[in-house]
Amino acid sequence: MTEEIRVRFAPSPTGHLHIGGARTALFNWLYARHNNAKFVLRIEDTDRARSTDEYIDAILEGMKWLGLDCDEGPFRQTDRFAVYNSYADKLLEQGRAYHCYCSPEELDAARKKAMIEGRALKYNGKCRGLKNPVEGISPVVRFAMPQEGSTAVQDLIKGVVEFDNEQLDDLIIRRSDGTPTYNLTVVVDDVDMHITHVIRGDDHLNNTPRQIQLYQALGYEIPKFAHLPMILGADKARLSKRHGATSVMAYQEMGYLPEALVNYLVRLGWSYGDQEVFSMEELVEHFSLENVGKAAAIFNPEKLLWMNSQYIIKSDPSKLAELVIPFLVKEGIIQDGQELDMPWLCSAIITQQERQKTLIELAQSLSYYIEEDVQYDEKAKNKFLTLESRPLLKALIDGLEMIDDLSAESVEAVFNEVAEKHEVKLGKVAQPARVAFTGITKSPGIFDIVIILGKEKSVRRLRKAMEGISENE
RNA sequence: GGUCCCAUCGUCUAGUGGCCUAGGACACUGGCCUCUCACGCCGGUAACACGGGUUCGAGUCCCGUUGGGAUCACCA
């Protein structure tokens, strides 16, 4: 019987769930789902100055939106200080850790000096051999790192990475205020929570040998590691606010579908042959760490936008209808709480979904269906609402008024008749009508628009367009 | 600066020594479709960072150079 696979996502609540964190969470989640494993969520909030409950909620919200459900947790490290302290005490008793009385100022000065002299920025081990406590100073606890030999990290993505122990610092595992630090808590929790695979950003690769030493000192089995390459901005710098939106929820506000973001993110560093678009089921089925690349990837908003458009095209219109309503409100197209005829809205969405890339665009594209009047684009009006097109519009009004029930066929017949009678191409009729109906020159098929608008509204808009022409000329 | 990681079109990537005259996707672009726009379809521009090896044969293996990134906190 094989050991149960358990992975975790361990964000620190010092900010919103950002793109990089979401990708790490996603890869863990996919690995868990693919392997029928457990996905644990752990909040690393031992930095009490910077961690907030609001950010915990924000991270949870982001994961929920993306559909990354966890099987256990969220656990909070602040609930577990007693556990960490017992491990720190154990190391102290074993002589694998010691009290250090050096002041932050002192250490900082030493670091600066080392930097200038071009040496490794490493704690000098001053307090390592100290026999007696220093009065009046509450010490930190440092882990006594072995100073000889080397530590190898067996990484599932990077391969074997070897570090000289000489490079390893005696890291602080407990602060002077008695709270534990990251390198201790991460090891203790991964042991305690029986994590078998640590999948995280490769900014942690350099920490890994230190953590391995901690595992060994504590006498625990070392989990498997997989360090994912970073996501960078267009300037190859680490993704930050300078590169635009980095918070996952900002993408919701911009009208992105979570499935599209997930699909885009998973392809940043992972591939499956030439396939670009994956359903969640396909991702779970095909995901593996072997197909994760080693190189950092640059976040490309254009491709994400394309991906979103693909998902909008594929989406069920009734689902889009639900999703677009908040955006209709936000765009001022409908009032909050305003009732809409949902089947009608769906048919309106069907005419737009293959030409809009975000839910915001979709909402905006619906405005000329929903609002009472249209605003003419100046150029469009000047080009198409002319004296020449006036009789065509008149003929359309007459034709449409004769129809009892609007259908694709009956509307098309009216347009074709008008074109024939006036000996012009359909375009000559359709473009002025399009401007009359929508105010602009780009839109879904003109027959579809008439059907969505309905006879009354269509005729009213044609009349108004005609009136505009006579006033002008 | 020390240590570590990485290196195929502008970007995401396929490629695991001969299938590569390097494939797909985004973006850009020419055309088709067409009532406009979009979708879709057909085509185009565009890459193995450089230098040494190893091999009958290298994008693929090794070394070096260059370039980029990460990390070196009483942050995580």
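Cut-off values and rules
- Residues numbered from 1 in each chain as written.
- Chains lettered and ligands numbered in written order.
- Predicted model: local features only at pLDDT ≥ 70, side-chain atom pairs only at ≥ 80, totals over all residues.
- Heavy atoms only, no water.
- Pairing = 2+ DSSP bridges.
- Helix = DSSP H or I, 4+ residues; strand = E, 2+ residues; numbered from the N terminus.
- Axes fitted to C-alpha atoms, helices over the stretch in contact; angles between N-to-C directions.
- Contact = heavy atoms within 4.5 Å.
- Disulfide = S-S within 2.5 Å.
- Buried < 20%, exposed > 50% of the residue type's maximum accessible area, 1.4 Å probe, protein only.
- Near = heavy atom within 4 Å.
- Polar contact = N/O pair within 3.5 Å; in protein donor to acceptor, adjacent residues only side chain to side chain.
- Nonpolar A, V, L, I, M, F, W, Y, C, P; charged D, E, K, R; others polar.

Caption draft 1: Broad picture of the sheet that holds strand β8 (residues 172–174). The strand order β4-β5-β8 describes an open sheet built from three strands, whose pairing is antiparallel. For this open sheet the edge positions go to β4 (97–100) and β8, each flanked by a neighbour on one side alone. Strand-to-strand, the axes of this sheet are offset by a mean angle of 45 degrees, without reference to chain direction. By the bridge criterion, two bridges tie strand β5 (residues 140–143) to β8 in an arrangement that is antiparallel. Along β8, the bridge assignment pairs Val141 with Arg174. Most of the contacts of helix α3 (residues 81–93) go to β8, to which it runs at about 125 degrees, and overall it touches β4, β5 and β8.

Caption draft 2: Just the state of the cysteines, in detail. Inspection of every chain in the model, using the stated rule, returns zero disulfides. The thiol of Cys127 is unpaired, and the distance to the nearest cysteine sulfur, on Cys102, comes to 3.5 Å.

Caption draft 3: The environment of Leu107, seen in detail. Locating Leu107 in the fold gives a position in helix α4 (residues 104–117). We classify Leu107 as buried; its relative accessible area is 17%. As for Leu107 and Asn124, which are separated by 17 residues in sequence, their C-alpha atoms are 9.1 Å apart. If near-sequence neighbours (up to four positions away) are discounted, Leu107 is found in contact with Cys102, Tyr123 and Arg142.

Caption draft 4: Quick look at the protein's contact with RNA strand B. Neighbouring residues of RNA strand B: 59 residues in total, closest Arg111, Arg175, Glu354, Arg355 and Arg434. Backbone sugar and phosphate groups make up 69% of those atoms of RNA strand B lying within 4 Å of the protein. The separation between a base nitrogen of RNA strand B and a polar side-chain atom of Glu276 is 2.9 Å. In the environment of RNA strand B, a base nitrogen lies 2.4 Å from a nitrogen or oxygen atom belonging to the side chain of Arg355. Of all the secondary-structure elements, those providing two or more residues to the surface near RNA strand B are α4, β7 (159–164), β12 (297–298), α10 (301–314), α18 (426–438) and α19 (446–453). Broken down by element, the residue count for the surface near RNA strand B peaks at five residues, all from α18. Considering only residue class, the surface near RNA strand B consists of 20 nonpolar, 18 polar and 21 charged.

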